[in-house]
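Listed here are the chains, written in short residue letters.
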Amino acid sequence: MMATYDVLIIGSGPGGYVTAIRAAQLGLKTAIVEREHLGGICLNWGCIPTKALLRSAEIYHYAQHAQDYGLKIEGKVTFDPAAVVKRSRGVSQQLNGGVGFLLKKNKVDVIWGEAVIDKPGQVTVSATKKAAVQPQNPIPKGTLGEGVYQAKNIIVATGARPRVLPGIEPDGKLIWTYFEAMVPPEFPKSLIVMGSGAIGIEFASFYRTMGCDVTVVEVMPQVLPVEDAEIAGLARKRFEKAGIKILTSTKVSKVEKKANSVVCTLEDEKGNKSTLEAERLISAVGVVGNIENIGLEKLGIKTDRGCVVTDGLGRTNIPGIFAIGDVAGPPMLAHKAEHEGVICVEAIKGLHVHPIDKSMIPGCTYCHPQVASVGLTEAKAKEQGLSVKIGRFPFMGNGKAIALGEPDGLIKTIFDAKTGKLLGAHMIGAEVTELIQGYVVAMNLETTEEELIYAVFPHPTLSEMMHESVLDAYGRVIHT
Amino acid sequence: MPINILMPALSPTMEKGNLARWLKKEGDTIKAGDVLAEIETDKATMEVEAVDEGILAKIIVADGTMDVAVNTLIGVIAAEGEDVKAAATSGGASASAPKAAAAPVAAPAAVAAPTTAAPVAALEAAPGARVFASPLARRIAKDARIDLARVKGTGPHGRIVERDVRAAMAGGTALAAPAGASAPSAPMGMSDATIRKFFADGSYEEIPHDSMRKTIARRLVEAKQTIPHFYLTMDCELDTLLAAREAINAQAPKDKDGKPAYKVSVNDFIIKALAVALQRLPDANVTWTEGAMLKHQHSDVGVAVSIPGGLITPIVRMAETKGLAQISNEMKDYAARARARKLKPEEYQGGTSAVSNLGMFGIKNFSAVINPPHATILAVGAGEQRIVVKKGAPAVATVMSVTLSTDHRAVDGALGAELISAFKTLIENPMGMLV
């Protein structure tokens, strides 16, 4: 019989490992089970390596437009696909090692293998059966292995995986998921991206910048379906200007594979069919929770649409078993997982915590131009019957944006007309993913328009537009 | 230095209260956040939480002591590492000894320590103390005339945030007293934590409120608190109506599958009858506003539809102008889309009156809560065979009891009675709806 842990976490993605560190900080004896790579999808196959790829694309884009800034590049700017991918993998590897270091520093036991919950209080870990997509580092030193482990509290943080549409199963060669799209042996000349959520659009943006002929097929009537319709409309115009072909209200109904290409049958909302051929197809139609093979069914743990049902504190219907992050339902975002995990262990420790407020979770998409948002869209606010005041400020009116050569973009703010509560903020343009946090803090502190209007924003910055957007909502805008 | 526990003020105006009971004994280890004692006023019972850690060295004011003045020394905590006995006897000087007879008062220490030096284990802000609240909480409180000093904060470091003010509004507590009047200490709504303590951990499942549940709670509390309801009950005989219904449905044209074009229900008659009755008594087809009475041209009748997780009230617009078949088909469409939560706001917002029918459950009679901005709502019970007296002899009739809830600000008793009488006449003589 092994030692009893206070907390055992299954999965070391951003939700799991942050939860483990917080648990250790609270003095709880903590273990974390991982079968593949520390840091999970986010760090190895998601958020981080795609940002590295997009950074290469961004610099390539600037180099191509060097003359706009009075610079001259002798000869042609080109790229080496293998080197671009290698840099991305290197970034993941560095951070993956960092997670191992952090867990060790916080005295969290790492158990290598696949976990199954036998019953509340007990987990059996067996050797990893899943073939790693591509091993990161060797298994970290000093990890524990197969065995039966006792834990007072078990937290499921197994994350999610790409959703698969029947008949369009990824094969790793012609039909890709983000796994293959991130490490292509060479860049395809033509590409169809199925799905225009954050993952789909980021790959579309990357491959288009690298010279690929890209078509995005989206079943909903707008690209970036969760975003504010006005922002999504502006994004679509910019994507199309960059040469991405976009088909909304259209679905891929059939895929026929050829030797080195796929032929997709597309169907629009009226049922009109057409075909489109490209070298590769990326399936980016969302993700589903990893709820299988961890013993949930046997224990009778409630699930709904592929995710574990939890309350705001991560508790499942079975005492002693918790779930956080993607596996506990949308929004499936790393920062939501981290926050949920922290709340979950703080509640376990008996600290006074409030359930996660999903209305204040920001979302960022790192396409070109970037899109970022928090809170209600204009349509959602109106759907709730709220009377709203809306502010808009275009990048064109901002000195810093002009100096950067980034005059396209918009910052939109939505206030409750009655109380001045900031209901939502929606942005498109350069660096907006770094700006959104200002509004997130404002929302969490429950500021009204008044505090935002009286706050001093530094000049010259893009953040001044956040101020102006608020001023605009109250009829006081200066620079338009 | 020993820590003095002083009698807390539960509200800015509280001067004295009763020490109901101690939850800790002398010698108990105290952690920050532990509940030390319960304090009562005539309106509320509150807990005194420890702010500091240590050992409860001395209880100075005993259980059950009445009328203990605010800021009276009621106990002493020995801080970590301090001698408990010494702390017990050296308990800081109290501002005023409790007058209660039963209270064993510790001999005041020789050192005249300022009473404010020790932390006070008070739940509520003392009068005049700074209240920490978010800007949004302050603004909502100001608009709703909520006294923030009486709101318990649940944000970081006890800061009052939006949800606390909303809870105070929903609970009807902490309303600011009109200037000049002496403010009675209002009972505080029980906090979630207090309510949970009634039930053992794990003995219940906690289901977070969805937005529909929150809306129902908010609107109904608002309705019951702001609308002076009164109720009028009437029995209606249904036999003529049931016969008419049969005849109407029998004549429904059928499509090629043999499906009738409509199947009118008793409820459809009720909607129509209420709409027509409101037209006959236009003074009752109104909405109260502070500035004026809104007298509506049309009868927009809401119909409460029960759906999983709550209810919603789609509105049959201009119901007086619509035929029974049209009302019937509209309701079928509304009910189906309500269950799918697909109704558009303009389909369930507004309206001038409403029908709530629980007859299908065999409910004989009930009173409904008015759904603002309506001035009335008709609660409909089951149609059932009852013995009635006709021409001095018992007879069997199908009878349905209905209760009209009325906003007395807008519709007075006699007018409400006229409205429900007109409704009864129409229900008992359904041909009257046609002319």
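Because the structure is predicted, anything quoted here is derived from the model rather than measured.

> Which parts of the structure should I look at to understand the overall build of chain B?
Looking only at helices and strands, chain B features 10 helices and 18 strands. Per-residue burial for chain B yields a buried fraction of 35% across its 435 residues. Contacts spanning at least 24 positions in sequence make up 62% of the contacts within chain B whose residues lie at least 6 apart.

> Teacher, can you tell me more about the overall build of chain A here?
Scanning chain A from terminus to terminus reveals 14 helices and 24 strands. Relative to its full complement of 480 residues, chain A shows a buried share of 48%.

> What am I meant to see in the nonpolar core here?
Grouped burial of nonpolar side chains is what soluble globular proteins tend to show. Grouped together as the largest cluster of nonpolar side chains are 135 residues, with contacts concentrated most on Leu8(A), Ile32(A), Ile155(A), Val156(A), Val193(A) and Leu281(A). Every residue in contact with Ile32(A), bar those within four places of it in the chain, is listed here: Ile9(A), Ser12(A), Gly16(A), Tyr17(A), Ala20(A), Leu103(A), Val108(A), Val110(A) and Ile111(A). Counting 50 residues, the second largest nonpolar core, distinct from the first, contains Ala275(B), Val355(B), Ala368(B) and Leu419(B).

> Sorry if this is basic, but what is going on with the packing of helix H2 (residues 135-143) of chain B against helix H3 (residues 162-171) of chain B here?
Packed helices, taken two at a time, are described by the angle between their axes plus the distance between the axes. Residues and elements named next belong to chain B. It is the contact of H2 with H3, at a shortest axis distance of 8 Å, that shows an interaxial angle of 20 degrees. The pairing of H2 with H3 is recorded here as roughly parallel in orientation. The segment H2 lies against H3, with Leu136, Ala137, Ile140 and Ala141 engaging Glu162, Asp164 and Val165. Its residues assigned to classes, the contact of H2 with H3 shows five nonpolar, no polar and two charged.

> I'm lost on the interface of chain B and chain A in this one. Help?
Reports of interface size often rely on the accessible area that becomes lost once the parts have come together. Across the contact, 14 residues belong to chain B and 16 residues belong to chain A. The element best represented in the side of chain B that touches chain A is H2(B), accounting for five residues. Of the residues belonging to the side of chain B that touches chain A, the class tally is seven nonpolar, three polar and four charged.

> How should the sheet that holds strand S22 (residues 388-394) of chain A be read in this particular structure?
Note on sheets: strands pair through backbone hydrogen bonds, and any given pair is parallel or antiparallel. All names here are of chain A. Strands sit in the order S20-S21-S24-S23-S22 across an open sheet of five strands; the sheet is antiparallel. Edge strands, defined here as strands with exactly one partner in the open sheet, are strand S20 (363-365) and S22. Taking the axes of each pair of neighbouring strands and ignoring which way they run, one obtains an average angle of 10 degrees across the sheet. Bridging between strand S21 (residues 371-375) and strand S24 (residues 422-428) involves five bridges; their strand directions are antiparallel. Considered in S24, the bridge of Ala372 is made with Met427. Contacts from helix H12 (residues 432-444) reach S20, S21 and S24, with the element oriented near 10 degrees to S21.

> Please explain helix H9 (residues 334-349) of chain A as it appears in this structure.
An α-helical segment advances 3.6 residues per turn. Residues three or four places apart therefore align on the same side. Residues and elements named next belong to chain A. For H9, spanning 16 residues, the distance from its first C-alpha to its last is 23 Å, which sits close to the expected 22 Å at 1.5 Å a residue. Within H9, 13 of the 16 residues are buried, which leaves the element mostly enclosed by the surrounding structure. Positive backbone phi, approximately 95 degrees, marks Gly350, located one or two places after H9.

> Which parts of the structure should I look at to understand the sheet that holds strand S15 (residues 280-283) of chain A?
Residue and element names in this part refer to chain A. As summarised here, the arrangement of the five strands in space is S8-S15-S9-S10-S11, forming an open sheet in which the pairing is parallel. Either end of the sheet is taken by a strand with one partner, and the two such strands are strand S8 (175-176) and strand S11 (245-247). With five bridges connecting them, strand S9 (residues 190-194) and strand S10 (residues 213-217) associate as parallel partners. If you follow Leu191 over to S10, its bridge partner there is Val214. Contacts from helix H6 (residues 198-209) reach S9, S10 and S15, with the element oriented near 165 degrees to S10.

> Please clarify how the confidence of the model for chain B should be interpreted in this entry.
Should pLDDT be low for a region, the predicted coordinates there are not to be read in detail. Residue and element names in this part refer to chain B. Overall, the prediction assigns chain B a mean pLDDT of 82, with 83% of residues at 70 or greater. This stretch, residues 177-188, has a pLDDT under 50; its non-local contacts, to residues over four places away or in other chains, come to 19 contacts. The ipTM, which scores confidence in the relative placement of chains, is 0.75 for this predicted complex, and the corresponding pTM is 0.61.

> What am I meant to see in unusual backbone geometry here?
Trans peptide bonds make up the majority, and among non-glycine residues the majority have a negative phi. Cis geometry marks the peptide bond from His368(A) to Pro369(A), where omega comes out at 0 degrees. Tracing the sequence through the fold places Pro369(A) in the loop between S20 and S21. For the peptide bond that leads from His459(A) to Pro460(A), omega is -5 degrees, which places it in the cis range. One can find Pro460(A) in the loop between helix H13 (449-454) and helix H14 (464-473). Of note in the backbone geometry, Lys391(B) takes a positive phi value of approximately 50 degrees without being a glycine. Secondary-structure assignment places Lys391(B) in the loop between strand S17 (376-390) and strand S18 (393-407). Looking at Lys391(B), the number of C-beta atoms within 10 Å reads 5, which means it is exposed.

> Would you explain the packing of helix H1 (residues 14-25) of chain A against H9(A) in this entry?
Residues and elements named next belong to chain A. In the contact formed by H1 and H9, the axes pass within 8 Å of each other and the chain directions differ by 30 degrees. What the angle tells us is that H1 and H9 run roughly parallel. Seen along the crossing, H1 lies across H9 with a hand that is right-handed. Here H1 contributes Pro14, Gly15, Gly16, Val18, Thr19, Arg22 and Ala23 to the contact with H9, which in turn contributes Ala334, Ala337, Glu338, Glu340, Gly341, Val342, Cys344 and Val345. Tallied by class, residues from the contact of H1 with H9 come to eight nonpolar, four polar and three charged.

> Explain the pairing of strand S2 (residues 30-34) of chain A here, please?
The two faces of the sheet receive side chains in turn, since in a regular strand these alternate between them. Residue and element names in this part refer to chain A. Taking burial as the measure, the five residues of S2 include five buried ones, the bulk of the element. Taking every second residue as pointing to the same face, both faces of S2 are buried, with Thr30, Ile32 and Glu34 on one and Ala31 and Val33 on the other. What joins strand S1 (residues 4-10) to S2 is H1, and the crossover it makes is right-handed. Judged from the four bridges that link them, S2 and strand S3 (residues 109-112) form a sheet pairing that is parallel. When the bridges of S3 are listed, Glu34 appears paired with Trp112.

Thresholds, definitions, all that
- Residues numbered from 1 in each chain as written.
- Chains lettered and ligands numbered in written order.
- Predicted model: local features only at pLDDT ≥ 70, side-chain atom pairs only at ≥ 80, totals over all residues.
- Helix = DSSP H or I, 4+ residues; strand = E, 2+ residues; numbered from the N terminus.
- Buried ≥ 20, exposed ≤ 12 C-beta atoms within 10 Å, placed from the backbone.
- Contact = placed C-beta atoms within 7 Å.
- Core = buried A, V, L, I, M, F, W, Y, C linked by C-beta atoms within 7 Å.
- Axes fitted to C-alpha atoms, helices over the stretch in contact; angles between N-to-C directions.
- Parallel < 35°, antiparallel > 145°, perpendicular 65-115°, else oblique.
- Nonpolar A, V, L, I, M, F, W, Y, C, P; charged D, E, K, R; others polar.
- Pairing = 2+ DSSP bridges.
- Expected span 1.5 Å × (residues − 1).
- pLDDT = per-residue confidence, 0-100.
- Left-handed = near helix turned anticlockwise from the far one by under 90°.
- Right-handed = clockwise from strand over helix to strand, strands pointing away.

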